[in-house]
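Structure at a glance
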Amino acid sequence: MPAHARPPATFIALHGTHSSLLLECPPHEAPLWRYWGPRLPDSAAAPALRATRALPSFMLDFDQPLTVLPSFGVGWFGQSALLAHRNGQDFAQAITACEIEWLTPGQSLVLHLNDAVAQLRIDLRLSLDPASDVLTLQTGITNLGAGALDVQWLAAATLPLPGQATQVRSYAGQHNHEFMLQTDTLSRSLWRRENRRGRTSHDCFPGAVVTTPGSTEHSGLVFGAHLAWSGNHQQSIEWLHDGQYQWQLGEWLAPGEGLLQPGEHLLTPEVVASCSMQGLNGLAANFHRELRARLNWPGGTMRPRPVHLNTWEAFYFDLEPTDVMALASAAAEVGIERFVLDDGWFQGRHNDRAGLGDWWTDTGKFPDGLAPLASHVNALGMEFGLWVEPEMVNPDSDLFRAHPDWALQIAGRALITGRHQLVLNIAHPPAADYLFEKLSALLHSLPIRYLKWDHNRDLTTAALAGGVGTAGYRVQVLAVYALLARLREAHPGVEIESCSGGGGRIDFAMLRHTHRVWGSDCIDALSRVDIQRGFGQFFPPEILGSHIGTAPAHTTGRSQSLAFRAAVAMTGHLGVELDVRLLSATMREQLGAWIGRYKAWREQIHHGQVWRGEGADSLVWQAHGDPEANNILLFVFRTAPSSHRYTPPLQLPMLDARARYRVQQLVAMDGDGALQSPAPFFSELLASGVDMDGAWLAQTGLPMPRATAETCFIVRLQRIEP
Ligand code: DGJ
């Protein structure tokens, strides 16, 4: 039908508290993306897009703007949201009909998009949560044709970004250094990140933040999106000829993974996205609110996050019952609330070369099993937690000897091990049943309140069992979600931590089934300042496992004061990962005091908003408080020696310029030589507190002490008037 003969378009508007989106729905097409950005009035209307765009020279005679499903078949030259074919045919899809189904009026809907020629249906669900301003999108495709449809790429979402988008902040990384910020400038070249490691990965977080000129941590327009998925993924940002960008995120499908027989359906992971006029901190607050609403806590609500003792860096594999019990006693004395027995407790596990798969207690190490230890831990008033790595198997294990075909492998090719282990095909029902039974037996026979669920290698040659040879990355991810859901249903009181060689599996989908993530195997506090900042862009502090380790740190060799290690760790979910028995009496007392502070402050750290920022002279700060910033707990980390004779004051832009605040330093810095020279202001700040104007603190700043590197200055700011 020629364009002028088409009936007029309808519009769909979704409004959050601070953001809106607008779609234009011309008949017989996929809806056009008209807007995603700061809140529009309820009555906002737009002229039909094509009426506003004159055709450029030497172009197609029909204008084809960005839609929610840009696809080849309409004459779209950009990245297509769908790449699929049916035995070489039906390669150019075009939507011929769109039906709108409202789920919650004004808030969430499904667009049912049909291609009558290529014989497929796309169902795109969109919801904008007014509470968090988070937009959730998810796409499904159904093969309505008579032959198999090979889907090579289906974007979970295609989002519009305005032309003033300039930079994209994504996260690279590796084992021991997750969430390394990488900032790229957007241009007419395609920006793309891909992950084919079969897990969320250390080195390519599935998401990014896009900034506009002038945006900062505290103000300005920024956009963020995250693919809630624990496997392979891909995202791209592409400049379009009308000056805006399209941002696509989705699962990277291995060849054949999207093969749909007639009538079959493929559902993408969800994309969670948001925009904020309050800069990076405003965006983070939106994601935090959304994730908090999704977490599925035992009993329905989060209990105060208990202080952990994790045995890994204290013992590694050398677990000896008397030592472990003695460590538990020492831990209880300093105030630990949950004792987690890490790797090394199960059959044949003396090092990382054997044992995975044999999930029963090694009676050589624990002749009476784990029950005496668990009772001892409980008698000391602590919960008992246990480490497992269910998706893996060592070739040197009873399980592998009995079922070598349960490992993901390609018939005829050598097995590729990683950390001496293979990945179990847990989509194979007998393998999943075996794990469920073994884990259930442990959970039934011992008072385990917490599982640390590890996953210590990337997937490769991940073909499904039986020598079929088809790729199993996708089904493996779905299978781990199913196994976790089955276990949680059978044992609803158990909390689970997602660990993957540190932070290799941190995403919103895994967090539907788990309650804590292990941010990194690096617990050097200085490295952690950086890692935790990146993490905090998407995830709230209460789910971040964050431990006080030894000095020197095992992974970096650097030494830091207990005060610095404790201050950095307590901005997440605090734990201790060292042999407390080896500390001097004074150090134990100090450790107990830090744990006491965490207990006093954790409600504040784990609820409400987090603001982050950087000051001059190597200062990095974060503040926790209510969204109105009436009561703020401020941590200022000095990450390097001062390069100024006088460190400039620290501006705190989230404070109310009309208010006055009582500012009080909470912990003295002179205990370990951290304070280099005194000044009267700081004596008063520590002794009684000082009253200061919000406007002064926001514009000029809070004076900073002269302190050594790798120290923390902790202050409370409380609104006193008006
Ligand atoms: C990797 C984890 O990140 C560590 O904390 C520890 O649990 C080891 N695995 C145990 O093998």
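To be clear, the structure that these remarks concern was listed above.
Below or above, wherever it landed, is the structure these notes cover. (Residues numbered from 1 in each chain as written. Predicted model: local features only at pLDDT ≥ 70, side-chain atom pairs only at ≥ 80, totals over all residues. Heavy atoms only, no water.)

1. Some details on the nonpolar core
- Membership of the largest hydrophobic core comes to 179 residues, with the highest contact counts inside it found for Trp 345 and Phe 539.
- In terms of residues, this core owes the most to one element, helix 7 (residues 473-490), which gives eight residues.
- With 28 residues, the next largest nonpolar core counts Leu 619, Ala 623, Ile 632 and Ala 659 among its residues. (Core = buried A, V, L, I, M, F, W, Y, C linked by side-chain atoms within 4.5 Å. Buried < 20%, exposed > 50% of the residue type's maximum accessible area, 1.4 Å probe, protein only. Helix = DSSP H or I, 4+ residues; strand = E, 2+ residues; numbered from the N terminus.)

2. Some details on a nonpolar patch on the surface
- A cluster of nonpolar side chains, Met 59, Leu 60 and Phe 77, forms an exposed patch at the surface whose accessible area comes to about 340 Å².
- By the secondary structure assignment, Met 59 is in the loop between strand 3 (32-38) and strand 4 (82-85).
- For Met 59, a relative accessible area of 46% gives the class partly exposed. (Patch = residues over 30% accessible without salt bridge, like charges linked within 9 Å, V, L, I, M, F, W, Y side chains within 5 Å. Areas by Shrake-Rupley, 256 points an atom, 1.4 Å probe, with all protein chains shown as cover. Salt bridge = Lys/Arg side-chain N within 4 Å of Asp/Glu carboxyl O.)

3. Remarks on the layout of surface pockets
- Size it by volume and the largest pocket reaches roughly 460 Å³.
- Lining the largest pocket we find 20 residues, and of these Arg 53, Met 59, Gln 64, Trp 76 and His 241 sit closest to its centre. (1 Å grid on protein atoms, 1.4 Å probe; cavity = no way out; pocket = protein on both sides within 12 Å on 5 of 7 lines; lining within 4 Å. Points joined across faces, edges and corners; volume = space filled by probe spheres on them.)

4. Looking at the packing of helix 6 (residues 429-445) against helix 7
- Relative orientation of the contacting elements helix 6 and helix 7 amounts to 30°, with a least axis distance of 11 Å. Helix-helix and strand crossings are classified by hand; for helix 6 and helix 7 the assignment is right-handed. Of helix 7, the residues touching helix 6 (which contributes Ala 432, Asp 433, Leu 435, Phe 436, Leu 439, Ser 440 and Leu 443) are Leu 483, Arg 486, Leu 487 and Ala 490.
- Split into classes, the residues belonging to the contact of helix 6 with helix 7 amount to eight nonpolar, one polar and two charged. (Axes fitted to C-alpha atoms, helices over the stretch in contact; angles between N-to-C directions. Left-handed = near helix turned anticlockwise from the far one by under 90°. Contact = heavy atoms within 4.5 Å. Nonpolar A, V, L, I, M, F, W, Y, C, P; charged D, E, K, R; others polar.)

5. Let's talk about the sheet that holds strand 32 (residues 619-625)
- Judged by pairing direction, the sheet is antiparallel, and its six strands sit side by side in the order 31-32-33-38-34-36 without closing on themselves. Of all the strands in the sheet, the pair left with one neighbour each is strand 31 (609-614) and strand 36 (690-693). Averaged over all neighbouring strand pairs, the angle between strand axes comes to 25°, with direction disregarded.
- Of the pairings in the sheet, the one linking strand 34 (residues 660-665) to strand 36 comprises four bridges and is antiparallel in character. (Pairing = 2+ DSSP bridges.)

6. Some details on the packing of aromatic side chains
- Under the definition given, this model contains 26 aromatic pairs.
- Considering the side-chain rings of Trp 601 and Phe 635, the 6.4 Å spacing of their centres and the 75° angle between planes classify their relative orientation as edge-to-face. Residue Trp 601 is located in helix 10 (residues 585-605), and its partner Phe 635 is located in strand 33 (residues 631-638); the two are separated by 34 residues in the primary sequence. Across the pair, Phe 635 and Trp 601 agree in class, each one buried.
- The rings of Tyr 171, Phe 179, Phe 205, Phe 287, Phe 508, Phe 535, Phe 538 and Phe 539 are connected pair by pair, giving a single aromatic cluster. (Phe/Tyr/Trp six-rings, centres within 6.5 Å; stacked < 30°, edge-to-face > 60°.)

7. Topic: the side chain of Glu 710
- Summarising the element assignment, Glu 710 is placed in the loop between strand 37 (706-707) and strand 38 (711-721).
- The side chain of Glu 710 is buried and forms no salt bridge, while Arg 558, the nearest opposite charge, is found at 5.4 Å.
- Once residues lying within four places of it in the same chain are set aside, the contact partners of Glu 710 are Leu 526, Ser 559, Gln 560, Ser 561, Phe 564, Arg 638 and Thr 639. (Lys, Arg positive; Asp, Glu negative; His and termini not counted.)

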